[in-house]
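# Examining the three-dimensional arrangement
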Amino acid sequence: MDSIGPIPLHVGLIMDGNGRWAEQRGKPRLYGHRRGAENVRRIVTHAQSLGIRFLTLYAFSLENNQRPAAEVNGLLSLFELYARRWLSQLLEQGIRIHLIGDVEALRPSTARALRKLEDETQKGEQMTVILAANYGGRDEVLRAMRRFWQSGATKGPSRWEDFEKFLDTAGIPDPDLILRSSGEMRLSHFLPLQSVYSELYFPSVLWPDFSERDLDEAVAVYRRRRRRFGRLGGREMSE
Ligand code: FPP
């Protein structure tokens, strides 16, 4: 009989489909982003109740800057608004926010609001929510390389452990499961170095409609997978 594995320690969420969700209703794209942002809180709360300890949310990619200015500004305003609205709940739930991406290159009011959220939730010990904001996978590598050489290194790293501590995700375990809503099947620069052994899952539901049940289903699918990490043998080798 098939055995069931542990729940994922770290889940990555690519929250796709806000625009299509709005367009299907004859509404502006920002309406979809607002509904998407409202959905974030309930999914984070549910992830915490399932025992997921790390949840990475792809909030804004570097490439998203190339959208029309009105959409970019609308999204950044949403981050500022939700950063304020979310704070008391995060503190209550013991959730720490950790930012990844080139946050300081965002407009100053957004960078300030996100850094404030990160600072004020530092003591949260129940769960870590990693917000990818102005994040791109290759950009993270370039920034990590600069930090590596600025650290005074005189020769290149020979072990992965010597380099990964310069990544934005230093100290955070690799994602066990990455899911992208809306049926698109690609990672779009999401944690390329950290996802080498992640299980992937692509439900067709659009992000504003993504529900607690959809997360339950993703976790159930994950628990039935056999992870081998390139070796022979079964799930027992990954535990
Ligand atoms: C992709 O949908 C979604 C985004 C580019 C933004 C994701 C951001 C949120 C859900 C808000 C997050 C808020 C907080 C507080 C973290 P899309 O516009 O690419 O949709 P489409 O593919 O249907 O056009």
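This one's a predicted model, so the numbers in the text were calculated from it and none came from an experiment. (Residues numbered from 1 in each chain as written. Predicted model: local features only at pLDDT ≥ 70, side-chain atom pairs only at ≥ 80, totals over all residues. Heavy atoms only, no water.)

## Observations concerning the overall build of the protein chain
Across its full length, the protein chain carries seven helices and six strands. In the protein chain, the succession of helices and strands from N to C terminus is β-α-α-β-α-β-α-β-α-α-β-β-α. In terms of overall size, the protein chain behaves like a compact globule, its C-alpha atoms giving a radius of gyration of 18 Å where 239 residues would be expected to give roughly 18 Å. If one aligns the C-alpha atoms of the protein chain with their principal axes, the spans along those axes are about 55 × 50 × 35 Å. Within the protein chain, the proportion of its 239 residues that are buried is 49%. Taking the contacts inside the protein chain whose residues are at least 6 apart along the sequence as the reference set, 73% of them involve residues at least 24 apart. Surface exposure of the protein chain reaches about 12,200 Å², of which carbon and sulfur atoms provide 51%. (Helix = DSSP H or I, 4+ residues; strand = E, 2+ residues; numbered from the N terminus. Rg over C-alpha atoms; globule rule 2.2 N^0.38 Å. Buried < 20%, exposed > 50% of the residue type's maximum accessible area, 1.4 Å probe, protein only. Contact = heavy atoms within 4.5 Å. Areas by Shrake-Rupley, 256 points an atom, 1.4 Å probe, with all protein chains shown as cover.)

## A closer look at the packing of helix H2 (residues 29-50) against helix H7 (residues 212-224)
Two numbers describe how H2 lies on H7: the axes approach to 9 Å, and their chain directions differ by 40°. Judged by the inter-axis angle, H2 sits oblique to H7. The handedness of the crossing between H2 and H7 comes out as right-handed. Contacts between H2 and H7 pair Arg42, Ile43, His46, Ala47 and Leu50 from the former with Glu212, Arg213, Leu215, Asp216 and Val219 from the latter. Tallied by class, the residues present in the contact of H2 with H7 amount to five nonpolar, one polar and four charged. (Axes fitted to C-alpha atoms, helices over the stretch in contact; angles between N-to-C directions. Parallel < 35°, antiparallel > 145°, perpendicular 65-115°, else oblique. Left-handed = near helix turned anticlockwise from the far one by under 90°. Nonpolar A, V, L, I, M, F, W, Y, C, P; charged D, E, K, R; others polar.)

## As for the nonpolar core
A general feature of soluble globular proteins is that nonpolar side chains tend to end up buried together. Counting 43 residues, the largest nonpolar core has Val44, Leu57, Trp86 and Leu179 as its most contacted members. Residue contributions to this core peak at eight residues, all from helix H3 (residues 69-93). When neighbours within four sequence positions are excluded, tryptophan 86 is seen to be in contact with Val40, Arg41, Val44, Leu57, Ile97, Leu117 and Val129. (Core = buried A, V, L, I, M, F, W, Y, C linked by side-chain atoms within 4.5 Å.)

## Some remarks on the site of the ligand
What surrounds the ligand is a group of 18 residues, the closest being Asp16, Gly19, Arg20, Arg29 and Arg67. In the model, an oxygen atom of the ligand is placed 3.4 Å from a nitrogen or oxygen of the glycine 17 main chain. Arginine 67 places a side-chain nitrogen or oxygen 2.8 Å from an oxygen atom of the ligand. Protein chains bury 91% of the 620 Å² of accessible surface belonging to the ligand in isolation. The leading source of residues in the shell around the ligand is H2, at four residues. Tallied by class, the residues present in the shell around the ligand amount to eight nonpolar, six polar and four charged. (Near = heavy atom within 4 Å. Polar contact = N/O pair within 3.5 Å; in protein donor to acceptor, adjacent residues only side chain to side chain.)

## With respect to the packing of H2 against H3
Where H2 meets H3, the closest approach of the two axes is 10 Å, and the angle between their N-to-C directions is 25°. In terms of orientation, H2 and H3 fall into the roughly parallel class. As for the relative orientation of H2 and H3, their crossing is right-handed in sense. The segment H2 lies against H3, with Arg29, Leu30, His33, Arg34, Ala37, Glu38, Val40, Arg41, Val44, Thr45 and Gln48 engaging Ala70, Glu71, Gly74, Leu75, Leu78, Tyr82, Arg85, Trp86, Gln89 and Gln93. Across the contact of H2 with H3, the residue classes break down as nine nonpolar, six polar and six charged.

## Remarks on the environment of glutamine 48
Position of glutamine 48 among the secondary structure elements: in helix H2. Separated by 160 residues in sequence, glutamine 48 and proline 208 have C-alpha atoms that sit 19 Å apart. If we skip the residues at most four places from it in the chain, glutamine 48 touches Gln93, Ile95, Gln126 and Met127. Among the polar contacts made by the side chain of glutamine 48, one reaches the main-chain carbonyl oxygen of glutamine 93 at a distance of 2.8 Å.

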